[in-house]
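Observations on chain architecture
Chain by chain, the residues run as shown.
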Amino acid sequence: MNAGNSVGSELALLSGQAIEGVDLEAVLPPGRLIKADEGEGEVSLWLSSTAPAAELWTALYRLRGRTGLWPLLLAPLARGNEFRPWASGELFPEQFTSPEDHDPNDVLEAWWQAYAETDQDDEELPGGERGAVTAPYGRRWPGLAPNTTSQGEPGSFAIKYAQQLTGRLSSLRLGLAAARRGSDALVSVGWSGPLNHTNDTAEIASVVRGWEDRFGARVVGAGFADLYLSVSAPPSTHQEALRIAAEHFAFCPDNIQQNNSPATLASYAERLIGLNAWHFWWD
């Protein structure tokens, strides 16, 4: 479906470059540029007006090197006319630092120290025992997990996850961000989903950058406070999974404390073995 005569110039404005040799007008559904409400009203992303097919995300993912645009499957806070935060412009691209300003190990270690507390009132630990959620590490940050073995080309797993998400979430729309990698797209669109965890999404992006390199992670989509990553090199053993679970806990404590029962690293790690899709949610 033709997206309108101005789509080429709009996307050139978004990407900061002329897009040559790609007929996006013949590919994209109707949509518009979204400006952030805050600051100088910087253009944050291009947003479709309708739900995309998985094939469209796939086509744009494959064209990302030529367009300078990273495709995102975007979910709203709730069904409704505003499609928050994307269509409503609740985006903050001017307030974040750069992912390059942060070391992922330092970022995760600081978060670990802040959240790795012993919960003396936890009644849901195995056998009714009370103890640290972060056992066997306690308050000691174990460091970054080592690389794991890839099961294949990262893009193929991203495409599969896009197919799953579009089949499961009918409220999705397509977003295009000016970024060469998915981690950077989170910053360029001004996404503030983890606001209750950090007010600088560049810290989140720096960690995701590391996962892109070590685990073949790819950013497939985001919601109001959700993040959807595909993974081509998931852990294959409990020990590998436990180290990665520690990173997940520092990155998004709510994944373990609110979305896992019992709320321990050990039980969460079991779910990560062989898992090719990581979903994070911040309360």
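Before reading further, recall that the structure is shown in the block above.
Report follows, based on the coordinates. Please read these numbers as outputs of a predicted model, since none were measured by experiment. Residues take numbers from 1 onward in each chain, read along the sequence in its written order. Confidence filtering applies because this is a predicted model: local features only for residues at pLDDT of at least 70, side-chain atom pairs given and counted only at 80 or more, and all residues used for totals across whole chains, interfaces and linings. Excluded from the side-chain calculation are hydrogens and water; included are all heavy atoms of the structure.

1. A few points about the overall build of the protein
The condition that has to hold: Only DSSP runs of H or I covering at least 4 residues are called helices, and only runs of E covering at least 2 are called strands; the numbering of each starts at the N terminus. Throughout, radius of gyration means the C-alpha value; the globule benchmark is 2.2 Å times the number of residues raised to the power 0.38. Any residue under 20% of the maximum accessible area for its type is buried, any over 50% is exposed, and the rest in between are partly exposed; the area is computed with a 1.4 Å probe on protein chains only. In these tables, accessible area is a Shrake-Rupley quantity obtained with a 1.4 Å probe, and a residue counts as shielded only by the protein chains included in the view. In this tally Asp and Glu are treated as negative and Lys and Arg as positive; neither His nor the chain ends contributes. A charged residue contributes its charge at one atom only: NZ of Lys, CZ of Arg, CG of Asp or CD of Glu.
Summing up its helical and strand segments, the protein has ten helices and seven strands in all. Taking 19 Å as the expected radius of gyration for a compact globule of 283 residues, we find that the protein reaches 19 Å, a close match to that expectation. Its C-alpha atoms give the protein principal-axis dimensions of about 65 × 40 × 35 Å. Buried positions account for 54% of the 283 residues belonging to the protein. As displayed, the protein offers around 12100 Å² of accessible surface, 46% of which is attributable to carbon and sulfur atoms. The centroid of the 20 positive side-chain charges in the protein is displaced by 7 Å from the centroid of its 36 negative side-chain charges.

2. Remarks on the packing of helix α8 (residues 238–251) against helix α10 (residues 265–272)
Short version of the rule: Lines are fitted to the C-alpha atoms to define the axes, a helix being fitted only along its stretch in contact, and any angle between axes, read from their N-to-C directions, falls within 0 to 180 degrees. These descriptions rest on fixed angle ranges, namely under 35 degrees for roughly parallel, over 145 for roughly antiparallel, 65 to 115 for roughly perpendicular, and the rest for oblique. Crossings are classed by handedness, with left-handed meaning an anticlockwise turn of the near helix from the far one by less than a right angle and right-handed meaning a clockwise turn. What makes two residues a contact is simply this: any of their non-hydrogen atoms within 4.5 Å. Gly falls in the polar group here, along with every residue not listed as nonpolar (Ala, Val, Leu, Ile, Met, Phe, Trp, Tyr, Cys, Pro) or charged (Asp, Glu, Lys, Arg).
Running from N to C, α8 and α10 cross one another at 110°; their axes reach a closest spacing of 8 Å. In terms of orientation, α8 lies roughly perpendicular with respect to α10. Our pair here, α8 against α10, has a crossing hand that is right-handed. In this structure, α8 contributes His238, Ala241, Leu242, Ile244, Ala245, Ala246, His248 and Phe249 to the contact, and α10 contributes Leu265, Ala266, Tyr268, Ala269, Glu270 and Leu272. The residue inventory of the contact of α8 with α10, partitioned by class, reads eleven nonpolar, two polar and one charged.

3. Some details on the sheet that holds strand β2 (residues 43–48)
What counts, and what does not: At least two bridges found by DSSP between two strands is the condition for calling them paired.
Spatially, β1-β2-β4-β3-β5-β6-β7 is the arrangement adopted by the seven strands of the open sheet, whose pairing is mixed. Only two strands of the sheet have a single partner each, and these edge strands are β1 (31–35) and β7 (277–281). In this sheet, neighbouring strand axes are inclined to one another by 30° on average, regardless of whether the strands run parallel or antiparallel.

4. Regarding the side chain of serine 230
What counts here: Here a polar contact is taken to be a pair of N or O atoms separated by no more than 3.5 Å, where protein atoms must pair a possible hydrogen donor with a possible acceptor and residues adjacent in sequence count only if both atoms sit in side chains.
When you line up the elements, serine 230 lands in strand β6 (residues 226–231). Using a relative accessible area of 0% as the deciding quantity, one classes serine 230 as buried. From its side chain, serine 230 meets the backbone nitrogen of alanine 158 in a polar contact 3.4 Å long. Ignoring anything within four residues of it in the chain, the contact list for serine 230 reads Pro154, Phe157, Ala158, Tyr161, Gly216, Ala217, Arg218, Val220, Asn276 and Ala277.

5. With respect to the layout of surface pockets
Put simply, the rule reads: Grid points spaced at 1 Å over the protein atoms alone were grouped into cavities, where a 1.4 Å probe fits but cannot get out, and pockets, open sets with protein on both sides within 12 Å along at least five of seven lines, with lining residues defined by an atom within 4 Å of a point. Grid points are joined across faces, edges and corners, and a volume is the space filled by probe spheres set on the points.
Taken as a whole, the largest pocket holds about 330 Å³ of empty space. In this structure, the largest pocket is lined by 21 residues; those nearest its centre are Leu77, Gly223, Phe224, Ala225 and Asp226. Class assignment for the residues of the lining of the largest pocket results in 13 nonpolar, five polar and three charged.

6. Let's talk about helix α5 (residues 154–168)
Short version of the rule: Every helix has an expected span of 1.5 Å times one less than the residues it contains.
The terminal C-alpha atoms of α5, which comprises 15 residues, lie 21 Å apart, in line with the 21 Å expected from a rise of 1.5 Å per residue. If you follow the buried residues of α5, they end up packed against α2 (54–62), β3 (69–74), β5 (217–222), β6 and β7.

7. Considerations on the pattern of salt bridges
A pair can form between side chains of opposite charge whenever their charged atoms are brought close. Going by this rule: Between Lys or Arg on one side and Asp or Glu on the other, a salt bridge is scored when a side-chain nitrogen of the former is within 4 Å of a carboxyl oxygen of the latter.
All chains considered together, the criterion is met by six salt bridges. Its salt-bridge partner being arginine 209, residue aspartate 184 comes within 2.9 Å of it at the nearest N-O pair. Remark: arginine 209 occurs in helix α7 (residues 201–215) and aspartate 184 occurs in helix α6 (residues 182–188); sequence separation between them is 25 residues. Here arginine 214 ties to glutamate 247 by a salt bridge, and the two come within 2.8 Å at their closest N and O atoms. Taken as a pair, arginine 214 in helix α7 and glutamate 247 in helix α8 lie far apart in primary sequence, 33 residues in all. There is no split in this pair, since arginine 214 and glutamate 247 are both buried.

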